[in-house]
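Examination of the molecular architecture
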Amino acid sequence: MSTLPLRPLRRTVLAAAVLLLAGCAGIPSAPEPGSDADRAQLLERARAYWAAIQANDRVTAWSYEEISLDPRWTLQAYLTSGGIVFDEVEVLAVERIEGDTAVVRVRQKYSLPQVRLRGQEAVLDDPWKRIDGRWYHVRRRSVMFGD
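Read on for an overview of the structure. (Residues numbered from 1 in each chain as written. Predicted model: local features only at pLDDT ≥ 70, side-chain atom pairs only at ≥ 80, totals over all residues. Heavy atoms only, no water.)

As a further point, take helix α2 (residues 36-54). Counting along an α-helix, one turn takes 3.6 residues, and residues three or four places apart therefore face a common direction. Between its first and last C-alpha atoms α2 spans 26 Å; for 19 residues at 1.5 Å apiece the expected length is 27 Å, and the two agree. Where α2 is concerned, the buried positions are Asp 38, Leu 42, Leu 43, Arg 45, Ala 46, Tyr 49, Trp 50, Ala 52 and Ile 53. In this structure, the buried side of α2 is in contact with α3 (58-62), α4 (75-80), β1 (85-98), β2 (101-112), β3 (117-131) and β4 (134-137). At the C-terminal side of α2, Asn 56 shows a positive phi close to 60°. (Helix = DSSP H or I, 4+ residues; strand = E, 2+ residues; numbered from the N terminus. Expected span 1.5 Å × (residues − 1). Buried < 20%, exposed > 50% of the residue type's maximum accessible area, 1.4 Å probe, protein only. Contact = heavy atoms within 4.5 Å.)

Evaluation of the coordinates by the stated rule reveals 11 salt bridges. For the salt bridge of Glu 88 with Arg 107, the shortest nitrogen-to-oxygen distance reads 3.6 Å. Separated by 19 residues along the polypeptide, Glu 88 in strand β1 and Arg 107 in strand β2 bring together distant segments of the chain. Taking the relative accessible area as the measure of exposure, Glu 88 reaches 32% and is therefore partly exposed. Residue classification places Arg 107 among the partly exposed positions, given a relative accessible area of 23%. When the shortest N-O distance is used, the salt bridge between Arg 105 and Glu 95 registers 3.9 Å. Remark: Glu 95 occurs in strand β1 and Arg 105 occurs in strand β2; sequence separation between them is 10 residues. (Salt bridge = Lys/Arg side-chain N within 4 Å of Asp/Glu carboxyl O.)

No statement about biological role is implied by the geometric values presented.
The following block contains the structure:
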């Protein structure tokens, strides 16, 4: 019995396996939780989020918010909340990552125009949450502004 008919099949299977592996190599994988790459990804998203907030680009900031994934919230409702003007924001460091939650240290200079309070400064622990492998800002509820 000859094995000649199997050779083209083997080549086809081998070629398909090589293509499959090459295709998988191009798909970025999520970094391991708590790794340096995970921290870097969180810092990148936190900096992008706070840059959008400082620029008053709330439409862009919305895509970084955990509540953007909640069907009870709408972009329109998000755009009407707030009241703080951020003059300066600096994302300092990832303080900790515990599972799918994290805290990022943020330095802010801000004003509250509604109450004529200007030039305030604060360093805060800003909460973040990983959902489906991606970091999202956890929105704190404001007692002062009812949001």
